[in-house]
Amino acid sequence: MLITAIALLIFTGGLLILHTVPSTIKDKVADGLLADFIITFPVFYYFIVIRPFKKPVKNLLIVISICSVIAYLVLPAHQQQYILQVRKLTALAELLFLIYAITKIKKLMTFYKIHQAVMADPIYNLRSAMGDALGDSLGVKVIASELAVLRYGLLCWRKERSGLQQSISFSTHKEAGYIAIWCVLVVAIMVEVTAIHLLLLKWSHIAAMVVTILSLYGVIFIVADLSAIIKRKVQISDDHILLQTGLRWRARTSLSNIGSIKKITNDYQSESLYFKGGIIKTSGSLLISFKTPVQIDQLYGSGKQFNTILMNIDNYDAFANTLRDKQIIFE
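Residues numbered from 1 in each chain as written. Predicted model: local features only at pLDDT ≥ 70, side-chain atom pairs only at ≥ 80, totals over all residues. Heavy atoms only, no water.

**What to know about helix H2 (residues 26–50)**
Applied cut-off: In this description a helix means any DSSP run of H or I spanning at least four residues, a strand means any run of E spanning at least two, and both kinds are numbered starting from the N terminus. Between the first and last residue of a helix there are one fewer steps than residues, each counted as 1.5 Å, and that sum is the expected span. By definition, a residue's bend is the angle between the axes fitted to the seven residues ending there and the seven starting there. Exposure categories follow from relative accessible area, calculated using a 1.4 Å probe and restricted to protein chains: below 20% of the type maximum is buried, above 50% is exposed, and the middle band is partly exposed.
The end-to-end C-alpha distance of H2 is 33 Å, a good match for the 36 Å that 25 residues give at a rise of 1.5 Å each. In H2, a bend of some 45° at Asp36 exceeds every other bend along the element. When H2 is considered as a whole, its buried residues turn out to be Ala30, Leu33, Leu34, Phe37, Ile38, Phe41, Pro42, Tyr45, Val49 and Ile50.

**A word on the nonpolar core**
Across soluble globular proteins, you tend to see nonpolar side chains buried next to one another. Quick reminder of the rule: What we call a nonpolar core is a set of buried Ala, Val, Leu, Ile, Met, Phe, Trp, Tyr and Cys residues that are connected through their side-chain atoms within 4.5 Å.
In this structure, Leu243, Ile261, Ile288, Ile309 and Phe319 are the most contacted members of the largest nonpolar core, which totals 24 residues. Going through the elements one at a time, strand E2 (234–236), strand E3 (240–245), strand E4 (249–254), strand E5 (258–263), strand E7 (286–298), strand E8 (304–311) and helix H10 (316–325) are the ones with two or more residues in this core. Considering each element in turn, this core owes the most residues, 5 residues, to E7. By size, the runner-up hydrophobic cluster in this structure holds 21 residues, among which are Ile3, Phe41, Val49 and Cys67.

**Section: the pattern of salt bridges**
Two side chains carrying opposite charge are able to pair once their charged atoms lie near each other. So the rule is basically this: By convention in these notes, a salt bridge is any Lys or Arg side-chain nitrogen within 4 Å of a carboxyl oxygen on Asp or Glu.
Counting across every chain of the model gives 4 salt bridges. Linking Asp121 and Arg250 is a salt bridge whose minimum nitrogen-to-oxygen distance equals 2.9 Å. One end of the pair, Asp121, is in the loop between helix H5 (105–118) and helix H6 (122–134); the other, Arg250, is in strand E4, with 129 residues separating them in the sequence. As far as the burial class goes, Asp121 and Arg250 line up, both buried. Of the charged contacts in the structure, one is a salt bridge between Arg248 and Asp225, with a shortest N-O distance of 2.8 Å. Remark: Asp225 occurs in helix H9 (residues 205–231) and Arg248 occurs in the loop between E3 and E4; sequence separation between them is 23 residues. A relative accessible area of 27% means that Arg248 is categorised as partly exposed. For Asp225, a relative accessible area of 10% translates into the label buried. The network of salt bridges with shared partners includes Asp121, Arg232, Arg250 and Asp297.

**Quick word on the packing of H5 against H6**
Our working rule: Note on geometry: axes are lines fitted to C-alpha atoms, helical ones only across the stretch in contact, with angles between N-to-C directions running from 0 to 180 degrees. Angles are sorted into four bins: roughly parallel if under 35 degrees, roughly antiparallel if over 145, roughly perpendicular if 65 to 115, and oblique for all others. By convention, the crossing between two helices is left-handed when the near helix turns anticlockwise from the far helix through less than a right angle, and right-handed when the turn is clockwise. Here, two residues are considered to be in contact whenever any of their heavy atoms come within 4.5 Å of each other.
In the contact formed by H5 and H6, the axes pass within 8 Å of each other and the chain directions differ by 135°. Taken together, H5 and H6 sit at an angle that is classed as oblique. For the element pair H5 and H6, the recorded crossing hand is right-handed. Along the contact surface, H5 presents Lys107, Leu108, Phe111, Tyr112, His115 and Gln116, while H6 presents Pro122, Asn125, Leu126, Ser128, Ala129, Met130, Asp132 and Ala133.

**Focus: the layout of surface pockets**
Basically, it comes down to this: A cavity, in this analysis, means grid points on a 1 Å lattice covering only the protein atoms where a 1.4 Å probe fits yet has no way out; a pocket is instead an open set bounded by protein on both sides within 12 Å along at least five of seven lines, and a residue lines either one if it has an atom within 4 Å of a point. Grid points are joined across faces, edges and corners, and a volume is the space filled by probe spheres set on the points. Three categories are distinguished: nonpolar for Ala, Val, Leu, Ile, Met, Phe, Trp, Tyr, Cys and Pro, charged for Asp, Glu, Lys and Arg, and polar for the others, with Gly belonging to the last.
In this structure, the second largest pocket spans a volume of roughly 330 Å³. Forming the walls of the second largest pocket are 20 residues, and the residues nearest its centre are Tyr124, Arg127, Ser128, Arg250 and Asp297. Sorting the residues of the lining of the second largest pocket by element identifies H5, H6, helix H7 (138–154), E4 and E7 as the ones contributing at least two each. At 6 residues, the largest contribution of residues to the lining of the second largest pocket is made by H6. When grouped by side-chain class, the residues that make up the lining of the second largest pocket number 4 nonpolar, 9 polar and 7 charged.

**Thoughts on the pairing of E7**
Put simply, the rule is: By definition, two strands form a pair when at least two bridges between them are found by DSSP.
As defined by bridge partners, E4 adjoins E7 across 3 bridges and the pair is classed as antiparallel. Bridge pairing in E7 links Ala251 to Ile296. Both E7 and E8 contribute to a ladder of 7 bridges, which runs antiparallel. By the bridge assignment for E8, Leu286 is matched with Met311.

**What about the packing of aromatic side chains?**
Formally: Only Phe, Tyr and Trp rings are paired, with Trp represented by its six-membered ring, and only when their centres lie within 6.5 Å; those with planes under 30 degrees apart are stacked, over 60 edge-to-face, the remainder tilted.
Inspection of every chain in the model, using the stated rule, returns 6 aromatic pairs. Pairing Tyr46 with Phe47 gives two aromatic rings, centres 5.0 Å apart and planes at 85°, and the pair type is edge-to-face. We classify Tyr46 as partly exposed; its relative accessible area is 27%. Each ring, one from Tyr268 and one from Tyr274, has its centre 5.2 Å from the other, and the planes form 80°; the classification is edge-to-face. We classify Tyr268 as buried; its relative accessible area is 17%. Judged by its relative accessible area of 12%, Tyr274 is buried. Clustering of aromatic rings is evident, with ring pairs tying together Trp249, Phe275 and Phe306.

**Here's the deal with the environment of Val186**
Relative to the helices and strands, Val186 is located in helix H8 (residues 178–201). Sequence separation of Val186 and Val223 is 37 residues, and the distance between their C-alpha atoms is 9.0 Å.

What follows is the structure, encoded as structure tokens:
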């Protein structure tokens, strides 16, 4: 929260000041803002995030690169030359890291095959393999997550392999009406993007293009979300169950670990801690509890353990009957 507040203060507040000061001192303000972008904020990030949480220092290269790109796009042309000089200094370190990553490809493939043998899930297997080969750092998690988004957003027509062999699958999006909600969301985003683009064109062509590109990436993200939710279904095999909602999260456990299931028809409220895993986060149609906590892996977040999950399931009766056929007795 602190580093986010500092980022908003520097980037948003700095740009606001830059465009309101008199032209006579605008260059000096821009020089100061440039220093804040590529020096002050990375220093804050180091002392607030990297050092206290013992994160790899190489993560600072990613932060400096992002800050440099933002500075190059929003600052006047006079400061852009300084940014190019800074990028030359960091390019060598980034090149060395890239070479290091390339040398790890063979090792990465080995780890990927190990995870793939346990369960056919290319997204989480890639993330786990990258963590094993390159280290479980924030940068690695972000890159793996973005690759997952691009895979489902740009290759949404590709078929999905079943995570569990010889399993029965159940969709999670139909009864929630998520496709209709998704269509409304896409239309609203496109209308707003067009309006904001036209508005920003009057102020800055570069700002308009940056916002538009980010918005288009947002469209890719929500396409990936829908594609993954349709393809990545709940699966029940002879001895395991795989619960998931698209790319957002997944949990795998043995059938014998299921303690109880309950159909939810209204908004569920409980003082007990439970994982909100519904398509619309605070709602769901299935409340499933476990005898021992299960590990829930989230795309951008770290794994957490919960005893109870609230999520969506289509055709609850068929789902319950399938578990009973597997001789799962609920208390």
